Amino acid sequence: MKNRSDSVYSVSRLTKIYPGKNTPANDEISFEVKQGEIFGLLGDNGAGKSTLVKQMANLLRPTGGNVSLYGQPLQEDPLLVPRYVGYMPQTARTLNSLTVSEALYFTSHLRGCSRQESKREQERLLQLWDLKDIRTELCSRLSGGQQRMLQLATAMAGRPPILILDEPTNELSPQRRRHVWETLRAENSERGTTIIFITHDAIEAEKIIQQVGIMHKARLVALGKPSNLKKQLDQQLRLELRFQPDSPPDLPPGLQPQELAEDHWMVRLERHQVEAALSGLDLSRIDDFQLNSATLEDLYLHYT
């Protein structure tokens, strides 16, 4: 077992240009992921996040640059990724002809577990991801949320030391999203599993991210610990306001709200604006308000 300071993945000047395209999907991206790290990738649609993780999963060949896993270039050994990595794509149809139980059993078996071990893995994952009630259902008949939970379960089948997850909480209810983040955090802390994931949900992901890469227009525009990156926004605060939808509050001059919902606004403030902003609000038209320091979402919006 490698210690937590070792690099798991090393990505060097990685470039991908799809046939017929003039602009790269990934443009000279370089970073490392350490053993036992939770690494989050944020970025707008089309930024190149899925292209990047597909190359890390050895499903796409780079146009330039390289990806190494435990110091070995992926192209040198086609079994390197299957040996160490559980990959969860955005969509997966390869399991559609199997039942939920069969998908978990055969994935575990293909990853080297014996028949008995595969049975134990099957039961563990059915319990862990709350799939027991649909164990005999065909994968093709599952709802979007159920398919997402099954994809997470199959990625973890056989306990690979590395997980790569593309939008793991997409299409999930708030309760299931919370369960996903709690389970991944436990997997990391208890087993030292290295977790790399893409998400658009910066607020929830902030609870577990240890390192973050922010992508914009095919390039990696920020990389580091969220706490270090947020120091660049240390003068910014976010004021969240909740109110009756038919009676939004009037804001002091110069403040522009971002509408999070019809009854929920977010306003970005510099620290010197706070006193004037709060004193200028008619609190009788506000049900609740919160004033917080900058979040990972603010950091993401700052760079993109």
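Everything numeric here is computed off the predicted structure, so don't read it as measured data. (Residues numbered from 1 in each chain as written. Predicted model: local features only at pLDDT ≥ 70, side-chain atom pairs only at ≥ 80, totals over all residues. Heavy atoms only, no water.)

By definition, the strands of a sheet pair up through backbone hydrogen bonds, in either a parallel or an antiparallel sense. What the 4 strands build is an open sheet, ordered 12-13-11-14; its pairing is antiparallel. Looking along the sheet, the strands with just one partner apiece sit at the ends: strand 12 (258-261) and strand 14 (288-293). Neighbour-to-neighbour, the strand axes of this sheet turn through a mean angle of 25°, independent of strand direction. In the sheet, strand 12 pairs with strand 13 (residues 264-270) via 3 bridges, with the strands oriented antiparallel. If you follow Glu259 over to strand 13, its bridge partner there is Trp265. Most of the contacts of helix 10 (residues 296-303) go to strand 13, to which it runs at about 70°, and overall it touches strand 11 (236-242), strand 12, strand 13 and strand 14. (Pairing = 2+ DSSP bridges. Helix = DSSP H or I, 4+ residues; strand = E, 2+ residues; numbered from the N terminus. Axes fitted to C-alpha atoms, helices over the stretch in contact; angles between N-to-C directions. Contact = heavy atoms within 4.5 Å.)

What follows concerns the packing of helix 5 (residues 144-156) against helix 6 (residues 174-191). Where helix 5 contacts helix 6, the two axes come as close as 12 Å, and the packing angle between them is 5°. Classed by the angle they form, the pair helix 5 and helix 6 counts as roughly parallel. Residues Gly145, Gln146, Met149, Leu152 and Met156 of helix 5 form the contact with helix 6, whose own contacting residues are Arg176, His179, Val180 and Glu187. Classifying every residue of the contact of helix 5 with helix 6 gives 4 nonpolar, 3 polar and 2 charged. (Parallel < 35°, antiparallel > 145°, perpendicular 65-115°, else oblique. Nonpolar A, V, L, I, M, F, W, Y, C, P; charged D, E, K, R; others polar.)

Here we take up the domain arrangement of the protein. The domain architecture assigned to the protein consists of domain 1 (7-224) and domain 2 (233-303). Centre-to-centre separation of domain 1 and domain 2, based on C-alpha positions: 35 Å. In this assembly, 12 residues from domain 1 lie in contact with 7 residues from domain 2. On the domain 1 side of the interface with domain 2, the three residues burying the most area are Ile203, Glu206 and Ile214, jointly 43% of the side's total. Across the domain 1-domain 2 interface, the total number found is 0 salt bridges. (Domains from an automatic or database assignment. Buried area = accessible area lost by both parts, 1.4 Å probe. Salt bridge = Lys/Arg side-chain N within 4 Å of Asp/Glu carboxyl O.)

Before going further, it helps to examine the pairing of strand 9 (residues 211-216). One face of the sheet, then the other: side chains in a regular strand alternate in exactly this way. In terms of burial, strand 9 is largely enclosed, as 6 of its 6 residues are buried. Neither face of strand 9 is open: one carries Gln211, Gly213 and Met215, the other Val212, Ile214 and His216, and all of them are buried. For strand 9 and strand 10 (residues 219-224), the ladder comprises 5 bridges, and the chain directions are antiparallel. What sits directly across from Gly213, in strand 10, is Leu223. Between strand 9 and strand 10, which pair antiparallel and follow one another directly, the connecting turn spans 2 residues, one of which, Lys217, has a positive phi of 50°. (Buried < 20%, exposed > 50% of the residue type's maximum accessible area, 1.4 Å probe, protein only.)

Ordered by their spatial adjacency, 6 strands build an open sheet running 6-7-8-3-9-10, and the pairing between neighbours is mixed. Pairing within the sheet leaves two strands with one partner each, and these edge strands are strand 6 (85-88) and strand 10. For this sheet the average axis-to-axis angle between neighbouring strands, irrespective of direction, equals 15°. In the sheet, strand 7 (residues 162-166) pairs with strand 8 (residues 194-198) via 5 bridges, with the strands oriented parallel. From the neighbouring strand, Leu163 faces strand 8, where its bridge partner is Ile195. In the packing of helix 5 onto the sheet, contacts are made with strand 6 and strand 7, and the angle to strand 6 comes to roughly 165°. Its contacts with the sheet place helix 6 against strand 3 (38-43), strand 7 and strand 8, and it is angled at close to 150° to strand 8.

Taking burial as the measure, the 7 residues of strand 13 include 5 buried ones, the bulk of the element. Relative to strand 13, strand 11 is paired through 7 bridges, and the arrangement is antiparallel. Each residue of the ladder has a partner; that of Leu239, found in strand 13, is Val267. Counted between consecutive antiparallel strands, the loop separating strand 12 from strand 13 contains 2 residues.

As a further point, take the packing of helix 3 (residues 100-110) against helix 5. Across the interface, helix 3 lies against helix 5 with an axial gap of 9 Å and an inter-helix angle of 20°. By the criterion of interaxial angle, the relationship of helix 3 to helix 5 is roughly parallel. As helix 3 packs across helix 5, the resulting crossing turns out to be right-handed. Residues Val100, Ala103, Leu104 and Thr107 of helix 3 pack against Leu150, Ala153 and Thr154 of helix 5. Tallied by class, residues from the contact of helix 3 with helix 5 come to 5 nonpolar, 2 polar and no charged. (Left-handed = near helix turned anticlockwise from the far one by under 90°.)

Scanning the model with the defined rule gives 0 disulfides in all. Its sulfur unpaired, Cys113 is 18 Å from the next cysteine sulfur, which belongs to Cys139. What makes Cys113 buried here is its relative accessible area of 13%. (Disulfide = S-S within 2.5 Å.)

To continue, consider the side chain of Thr183. Along the chain, Thr183 turns up in helix 6. A polar contact is formed between the side chain of Thr183 and the backbone oxygen of His179, at a distance of 2.8 Å. Those residues in contact with Thr183 that sit more than four places away from it in its chain are Leu128 and Trp129. (Polar contact = N/O pair within 3.5 Å; in protein donor to acceptor, adjacent residues only side chain to side chain.)

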